[in-house]
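As a plain string of letters, each chain reads:
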Amino acid sequence: GYGKYKNIQSGDDDLLMQRVRDEGDWEIEYATDKRATVFTFPPTSWNQFYNQRLRFASKSFDYPIKLTASLIFLYFVNLLFLIFIILSFFCLEILGLFAIALIIKIIGESIYLSKSRSKLNSDIDLSIMPIASFFHIFYVIYFGMASQFQSYKWGE
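Residues numbered from 1 in each chain as written. Predicted model: local features only at pLDDT ≥ 70, side-chain atom pairs only at ≥ 80, totals over all residues. Heavy atoms only, no water.

### Some points on the confidence of the model for the protein chain
Part 1 of the reasoning: Of all residues in the protein chain, 93% attain a pLDDT of 70 or more, and the chain-wide mean is 86.
Part 2 of the reasoning: The least confident element of the protein chain, judged by mean pLDDT, is helix α1 (residues 12-23) at 77; the most confident is helix α5 (residues 129-149) at 94. (pLDDT = per-residue confidence, 0-100. Helix = DSSP H or I, 4+ residues; strand = E, 2+ residues; numbered from the N terminus.)

The structure is reproduced here in structure tokens:
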């Protein structure tokens, strides 16, 4: 049933769900009941984390076109943030624009995560959002690009 996704190592489950939704009369719903939670141990080393992130981002172009387009759009939004950061060193007016854009990013991500946290009955701490949102810019740019050119090692 995996069809064109049968040879993809990472995300075959996610890609299959997308296929079932797109090719059938189905909807994807998240299991939000606490009893449906499956705990996964986080990476314990930098190499594990690095390879996991490459693996997660490696399937970006395998998603349906609408989702792929959204991911590309978000990549370029983060790239624009990086350009603002660099230009801010040369022009203080741009620093103000960057600060406003970053505040909007922080607020938007905080609202999204707050709703997700509530729906999933999670107790994740959102107090680090300002710092996390800033570093997320570099994370998205790096792993989004690196995953297209580097291979990953599963479980390492």
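After that view of the structure, there is still more to cover.
### A few points about the nonpolar core
Part 1 of the reasoning: Of all hydrophobic cores here, the largest spans nine residues; its members are Y75, F81, I85, F98, L102, I106, I137, V140 and I141.
Part 2 of the reasoning: Within the residue set of this core, elements represented by two or more residues are α3 (65-88), α4 (92-119) and α5.
Part 3 of the reasoning: Every residue in contact with F81, bar those within four places of it in the chain, is listed here: F98, A101, L102, K105 and I137.
Part 4 of the reasoning: Counting five residues, the second largest nonpolar core, distinct from the first, contains Y50, F143, A146 and Y152. (Core = buried A, V, L, I, M, F, W, Y, C linked by side-chain atoms within 4.5 Å. Buried < 20%, exposed > 50% of the residue type's maximum accessible area, 1.4 Å probe, protein only. Contact = heavy atoms within 4.5 Å.)

### Overview of the packing of aromatic side chains
Part 1 of the reasoning: The full count for this structure, using the stated rule, is 13 aromatic pairs.
Part 2 of the reasoning: Considering the side-chain rings of W46 and Y50, the 5.8 Å spacing of their centres and the 45 degrees angle between planes classify their relative orientation as tilted. A residue pair is termed a helical-turn pair when its members lie 3 or 4 positions apart in one helix, as W46 and Y50 do in helix α2 (residues 46-57) at four residues.
Part 3 of the reasoning: Within the aromatic cluster, the residues linked to one another by ring pairs are W46, F49, Y50, Y139, Y142 and F143. (Phe/Tyr/Trp six-rings, centres within 6.5 Å; stacked < 30°, edge-to-face > 60°.)

### Structural notes on the pattern of salt bridges
Part 1 of the reasoning: Throughout the structure, instances matching the rule amount to three salt bridges.
Part 2 of the reasoning: In this structure, the salt-bridge partner of E109 is K105, at a minimum N-O distance of 2.6 Å. Taken as a pair, E109 and K105 lie in helix α4 at a separation of four residues, close to a single helical turn. (Salt bridge = Lys/Arg side-chain N within 4 Å of Asp/Glu carboxyl O.)

### Some points on α2
Part 1 of the reasoning: The first and last C-alpha atoms of α2 sit 17 Å apart over 12 residues, in line with the 16 Å expected at 1.5 Å per residue.
Part 2 of the reasoning: All of the buried residues along α2 are Y50, N51, Q52, L54, R55 and A57.
Part 3 of the reasoning: Residues of α2 that are buried in the fold lie against α5. (Expected span 1.5 Å × (residues − 1).)

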